[in-house]
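Fold and geometry: a report
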Amino acid sequence: MDHNHPHRHHRRLRRVLIVAVVVATGCSDGPSVLEPAGPDAERIVRLWWVMLTVAGLVFAVVLWFLVGSIVRARRAAPDDDMESPGTTGRRLVLWGGLIGPAVILTGVFTLSTLDLRALSAHRPTTVDVTVTGEQWWWRVAYPDEEVVTANEIHVPTGEQIRFTLESADVLHSFWVPEAGPKRDMIPGSTNELVLTFPKPTRNRGVCAEFCGLQHARMQFHIVSQERPAYEAWLERQRRPAPEPTTDSQRRGREVFATSKCIGCHTIEGVADAASIGPDLTHLASRETIAGGVIPLTTENLRSWIEDPDDLKPGALMPPSTMDDEDLDALVAYLESLQ
Ligand code: CUA
């Protein structure tokens, strides 16, 4: 006799519920295609609702006939002839299996084609941003502005922005779900995507193509701000790194300039020979580190430098070998890089 059974049943039910809740709410703080923040995303979500409604209706009709036929088969006497379809059956196959699907598929195809055409229509742009996907972060450059940054893209509100998309290693895909379609970043070739952000917002973007262990932790933010604020931001980003103002920061700069950090990172005005990792010249002007996934706080920055692999297994940055005092000074300096 299995007296444990009700308990086990309970546990399983609870597990199912937990999974359901996680699936239903797990992404609630993330970007959602259902909350469009721009005309392109609105177009996509409109098409999505049409498709969902049509598919839902088809599903309901199919289910209706399925249940109906099961009920009829059960009620039927054993010697009833279930083989011959009859006129009703033939008509059902003609309409439900041929004409209906043809009409629905043609309709959906037409709507998709119209939307695709609208999304790829040529639009004059005012800002050029080159984004390069790397394992697992985003290199961001404004070629006309001599600005280089990472993981956080500022754009002027209401203007058409041309994103030139490249990859430094493997396939990635650039996607701001609330703004528009995704577009692949392909090694050795260049793709383009034009997006617009009608309101001042901070939208999250994600990598939408599996690119290795930390694919899920390859994110970025797009900060849409009014022209003057955007230009002020550009102006600040163009400047070399700010001078340290405290002893600790001064020591931190010394640590940076004499450590292996400079083998990969640039801080304009201190060491600018390397570009393997993100440019750190204005690190503190960004809200996140580690490919847009960890808020920039003293604690996080410190543990990130101490052992990146701990937070993001597989990250290319090696663990730090410096002592606590040097590490604290380096963090103090990096946090001053507004
Ligand atoms: Cu980059 Cu997925």
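The text that follows walks through the structure, step by step, so that each part is easy to find. (Residues numbered from 1 in each chain as written. Predicted model: local features only at pLDDT ≥ 70, side-chain atom pairs only at ≥ 80, totals over all residues. Heavy atoms only, no water.)

Once that is clear, we can look at the sheet that holds strand 2 (residues 137-142). Strand pairing in a sheet is mediated by backbone hydrogen bonds. Such pairs are either parallel or antiparallel. Sheet architecture is open: five strands sit in the order 3-2-1-5-8, paired in mixed fashion. Of all the strands in the sheet, just strand 3 (147-150) and strand 8 (191-196) have a single pairing partner and so form its edges. Each adjacent strand pair in this sheet contributes to an overall mean axis angle of 25 degrees, direction not counted. Bridge count between strand 1 (residues 127-134) and strand 2: five bridges; the pairing is antiparallel. (Pairing = 2+ DSSP bridges. Helix = DSSP H or I, 4+ residues; strand = E, 2+ residues; numbered from the N terminus. Axes fitted to C-alpha atoms, helices over the stretch in contact; angles between N-to-C directions.)

If you add up the space inside the largest pocket, you get close to 790 Å³. Lining the largest pocket are 36 residues, and of these H265, G277, P278, W304 and M317 lie nearest its centre. For the lining of the largest pocket, the element with the most residues is helix 6 (residues 298-306), which contributes three residues. A class-by-class count of the residues in the lining of the largest pocket yields 22 nonpolar, nine polar and five charged. (1 Å grid on protein atoms, 1.4 Å probe; cavity = no way out; pocket = protein on both sides within 12 Å on 5 of 7 lines; lining within 4 Å. Points joined across faces, edges and corners; volume = space filled by probe spheres on them. Nonpolar A, V, L, I, M, F, W, Y, C, P; charged D, E, K, R; others polar.)

Let us look at the pattern of salt bridges. Where charged atoms from two side chains of opposite charge approach closely, those side chains can pair. For the structure on display, the rule yields 18 salt bridges. The shortest N-O distance in the salt bridge between R251 and E325 comes to 3.2 Å. Of this pair, R251 sits in helix 5 (residues 247-258) while E325 sits in helix 8 (residues 324-334), and the two are 74 residues apart along the sequence. Residue classification places R251 among the partly exposed residues on the basis of a relative accessible area of 35%. Here E325 falls in the exposed class, since its relative accessible area comes to 56%. Close ionic contact of D324 with R302 constitutes a salt bridge, the shortest N to O distance being 3.5 Å. Linking D324 in helix 8 with R302 in helix 6, this pair joins segments that are 22 residues apart in sequence. Residues joined in a network through salt bridges with shared partners are E145, E235, R238 and R239. (Salt bridge = Lys/Arg side-chain N within 4 Å of Asp/Glu carboxyl O. Buried < 20%, exposed > 50% of the residue type's maximum accessible area, 1.4 Å probe, protein only.)

Where helix 2 (residues 39-75) contacts helix 3 (residues 86-119), the two axes come as close as 10 Å, and the packing angle between them is 170 degrees. As the angle between them shows, helix 2 and helix 3 are arranged roughly antiparallel. Judged by residue contacts, D40, R43, I44, L47, V50, M51, V54, V58 and F65 of helix 2 engage L92, I104, V108, L111, S112, D115, A118 and L119 from helix 3. (Parallel < 35°, antiparallel > 145°, perpendicular 65-115°, else oblique. Contact = heavy atoms within 4.5 Å.)

The pairing of strand 1 with strand 5 (residues 160-167) spans seven bridges and is parallel. Bridge pairing in strand 5 links V131 to L165. With six bridges joining them, strand 5 and strand 8 adopt antiparallel strand pairing. The residue bridging Q160 from the neighbouring strand is T196, located in strand 8.

Turning our attention to helix 2. Between its first and last C-alpha atoms helix 2 spans 54 Å; for 37 residues at 1.5 Å apiece the expected length is 54 Å, and the two agree. Within helix 2 the residues assigned to the buried category are D40, A41, V45 and L47. Among the structural elements, helix 3 and strand 8 are those in contact with the buried residues of helix 2. (Expected span 1.5 Å × (residues − 1).)

Right, let's get into the nonpolar core. Judged by nonpolar contacts, the single largest core of 28 residues is most densely connected at V129, V131, Y142, I153, F163, F174 and I222. Among the secondary structure elements, those contributing two or more residues to this core are strand 1, strand 2, strand 4 (152-156), strand 5, strand 8, strand 10 (219-225) and helix 4 (227-238). Aside from chain neighbours lying at most four places away, what touches I222 is I153, V155, F163, F174, V176, F197, T201, R202 and N203. Counting residues in each nonpolar core, the second largest holds 22 residues, with A241, A290, L301 and L337 among its members. (Core = buried A, V, L, I, M, F, W, Y, C linked by side-chain atoms within 4.5 Å.)

One pass over the structure, following the stated rule, counts seven aromatic pairs. Centroid distance W138 to F174: 6.0 Å. Interplanar angle 80 degrees. Geometry classified as edge-to-face. Of this pair, W138 sits in strand 2 while F174 is found in strand 6 (residues 172-175), placing the two residues 36 residues apart along the sequence. Across this residue pair, the class does not change: W138 and F174 are buried. Centroid distance F174 to F220: 4.8 Å. Interplanar angle 20 degrees. Geometry classified as stacked. Of the two residues, F174 is situated in strand 6 and F220 in strand 10; the sequence distance between them amounts to 46 residues. Classification of F220 as buried rests on a relative accessible area of 0%. Here a set of aromatic residues connected by ring pairs shows up, and it is made of W138, F163, F174 and F220. Directly above the aromatic system of W175 lies the positively charged group of K182, at a separation of 4.3 Å from the ring centroid. (Phe/Tyr/Trp six-rings, centres within 6.5 Å; stacked < 30°, edge-to-face > 60°. Lys NZ or Arg CZ within 6 Å of the ring centre and 35° of its normal.)

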